[in-house]
Each structure stands twice: as structure tokens, then as C-alpha cells.
Amino acid sequence: MNGILLGEFDTVEPGADDVVEAGTVIMISRVDAEYVTREYSIDYPVEIKKDSALAVGKEKVLQTGQNGSKTEVYKITYVDGEIATKELVSREIIEPVPKIIAKGTYEVASRSQSGSTSKTTTSTSVGTAPNGMSYSRVLTCKATAYTHDGSKTKMGTIPRVGAIAVDPSVIPLGTRLYVEGYGFCVAEDTGGAIKGNKIDVFLDTEAECLQWGVKTVKVWVLE
């Protein structure tokens, strides 16, 4: 057209097939188009599930969360350098993967819990304990378990396997003992719930405490 090159989308008025007279003004509109991709992140949700196998205050990640995404492609049309239309061509959504956290509901026996006084059951004799050491008496006790809570024992020692909590009116602090199913130990701690024939054995982890549960055991008071 008189040496003027037209682009693929350019428009001409009047049209190429229209009859024009001398002096008619011909309008050429330069039309361009581009495709623009925009991406958005979708935050993953957090789901909480109660777990009776975990102690209260403890939690465990069952599934790691992963963000999702939304991708949109737009066709933008320009006429003489100005935006004329904006059209959504496609949209793709990838759903996020939720993070799932288990929160414990199981209450582990604690030395700070209150409890009633148990009736004392004691047999007195001199004999040989299962570990081969001599003893002066045998008690039948209800045994719970506890683990690290950041505090020292009543005797000022660091809690460890082999140190247990007792009622000092029944078993004096510092007494060497042998506990059925637990082994050789020393009475080094006390607790609000430890009254009468009750003991609280120390274990390294809450999982071990849960596995121990509450047991009725024999306790040999060693000489």
C-alpha cells in the first residue's frame, strides 16, 4: 500500500476492498499482541490431629506442607502502543499440600500431680535380691515413670536412669534399691503424687515412660 508495510494484525480504514475517492484519508492502526504469564504462590494450610500416643505438650509432624501455585496466561492487545484488550487465555492451579501436625493428648504421670496416700505393704526379712545383693525388706509398690523436665532431684543430682522418686517417709532418700523390671537404683527424688507405696522411676524418653505405664512391682531395700 503505497510502500507502507502492514503488520499481521494492523488494521486499515477504509478496508482494502472498499472503493475510495481521491483525497480520502486512509487510517492505519498498528496492532500488536503479547502473551504474559503470571504466577502466584498459594500458602499451604496447617491441619492439627490429636494423637493419644503422644504426651500432652508434644507434637510431631506427620506430613510436611508444600505451597501450591496458580499460573495465568493473558493475551494483551495493543493498538498504536496503547492497551486495547486483556484476555485470560489459560489458568492452571496446583493445590497446596497441607502440613499435618499430631498433638499429644496422653498425660504422662508426673511427680507434681496430686494423689492419695496408698496403704503401705511391706515384708521384712534378710535375704538375697534378684541382683544377688542382700536386702532388709521388700515392698510392693505402684510404679509410674517420668523423664527430663529441666529440674534436679530432691538430693540435687541430675535425673538419670537409676534415680527414682519415693515417699521419704516410706523409703528414705539415699536408700539403695532394686526395682522389679527396672533394676538397681537409688532413692534421690520426691514428688507431690508420690505418697505411701508409690515410686516414680526415671527413664530417658517420654516414649519409654508411655511404654512403662503404671505397674505394680516389688522393691527390694538393699543393705
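Colleague: Would you mind showing me how to read the packing of aromatic side chains here?
Modeller: Two descriptors summarise a pair of aromatic rings, namely the distance from one centre to the other and the angle between the planes of the rings. Taken as a whole, this structure holds three aromatic pairs when the rule is applied. Consider the rings of Y146 and F202, whose centres lie 5.3 Å apart with planes at 80°: the pair is edge-to-face. With Y146 in strand β10 (residues 134-146) and F202 in strand β14 (residues 198-202), this pair connects stretches of sequence that are 56 residues apart. Each ring, one from Y182 and one from W212, has its centre 6.1 Å from the other, and the planes form 85°; the classification is edge-to-face. One end of the pair, Y182, is in the loop between β12 (176-179) and β13 (183-189); the other, W212, is in helix α1 (residues 206-212), with 30 residues separating them in the sequence. Here the two residues Y182 and W212 agree in accessibility, since each one is buried. Here K86 stacks its cationic end above the ring of Y74, 4.8 Å away from the centre of that ring. Geometry around W212 places K215 over its ring, the cationic atom sitting 4.0 Å from the centre.

Colleague: Is there a simple way to think about the sheet that holds strand β6 (residues 68-79) in this case?
Modeller: Remark on secondary structure: sheet strands pair via backbone hydrogen bonds, oriented parallel or antiparallel. Overall, antiparallel pairing links the three strands, which are arranged β3-β6-β7 in an open sheet. The open sheet terminates on both sides in strands that have one partner only, identified here as β3 (31-42) and β7 (82-94). With direction set aside, neighbouring strand axes in the sheet form an average angle of 20°. As paired elements, β3 and β6 share 12 bridges and run antiparallel to each other. Looking at β6, one finds that T37 is bridged to V73.

Colleague: Honestly, the environment of K198 in this entry has me stumped. Any pointers?
Modeller: Tracing the sequence through the fold places K198 in strand β14. With relative accessibility at 17%, the residue K198 sits in the buried group. Spatially, the C-alpha atoms of K198 and V217 are 9.7 Å apart, while their sequence positions differ by 19 residues.

Colleague: Would you take a moment to explain a nonpolar patch on the surface for this structure?
Modeller: Nonpolar side chains collect at one region of the surface, where Y44, V46 and I48 lie side by side and expose about 260 Å² of accessible area between them. For V46, the position within the fold is in strand β4 (residues 46-55).

Colleague: Before we go on, may I ask you to explain the side chain of E72 in this structure?
Modeller: Note on placement: E72 falls in strand β6. At a separation of 2.7 Å, a polar atom in the side chain of E72 contacts the side chain of Y74. Other than its neighbours up to four places away in sequence, E72 contacts V36, T37, R38, Y40, L88, S90 and R91.

Colleague: Would you explain the pattern of salt bridges in this entry?
Modeller: Between side chains of opposite charge, a pair can form as their charged atoms come close. According to the stated counting rule, one finds four salt bridges in the structure shown. Across the pair K103 and E59 runs a salt bridge whose closest N-O atoms are separated by 4.0 Å. A residue pair is termed long-range when its members are at least 10 positions apart, and K103 in strand β8 (residues 99-106) and E59 in strand β5 (residues 59-63) qualify at 44 residues. Judged by its relative accessible area of 38%, K103 falls in the partly exposed class. Here R91 and E72 are joined by a salt bridge, their closest N and O atoms 2.8 Å apart. On the criterion of sequence distance, the pair formed by R91 in strand β7 and E72 in strand β6 is long-range, its members being 19 residues apart. Residue class for R91 comes out partly exposed when judged on its relative accessible area of 49%.

Definitions and cut-offs
- Residues numbered from 1 in each chain as written.
- Predicted model: local features only at pLDDT ≥ 70, side-chain atom pairs only at ≥ 80, totals over all residues.
- Heavy atoms only, no water.
- Phe/Tyr/Trp six-rings, centres within 6.5 Å; stacked < 30°, edge-to-face > 60°.
- Helix = DSSP H or I, 4+ residues; strand = E, 2+ residues; numbered from the N terminus.
- Buried < 20%, exposed > 50% of the residue type's maximum accessible area, 1.4 Å probe, protein only.
- Lys NZ or Arg CZ within 6 Å of the ring centre and 35° of its normal.
- Pairing = 2+ DSSP bridges.
- Axes fitted to C-alpha atoms, helices over the stretch in contact; angles between N-to-C directions.
- Patch = residues over 30% accessible without salt bridge, like charges linked within 9 Å, V, L, I, M, F, W, Y side chains within 5 Å.
- Areas by Shrake-Rupley, 256 points an atom, 1.4 Å probe, with all protein chains shown as cover.
- Salt bridge = Lys/Arg side-chain N within 4 Å of Asp/Glu carboxyl O.
- Polar contact = N/O pair within 3.5 Å; in protein donor to acceptor, adjacent residues only side chain to side chain.
- Contact = heavy atoms within 4.5 Å.

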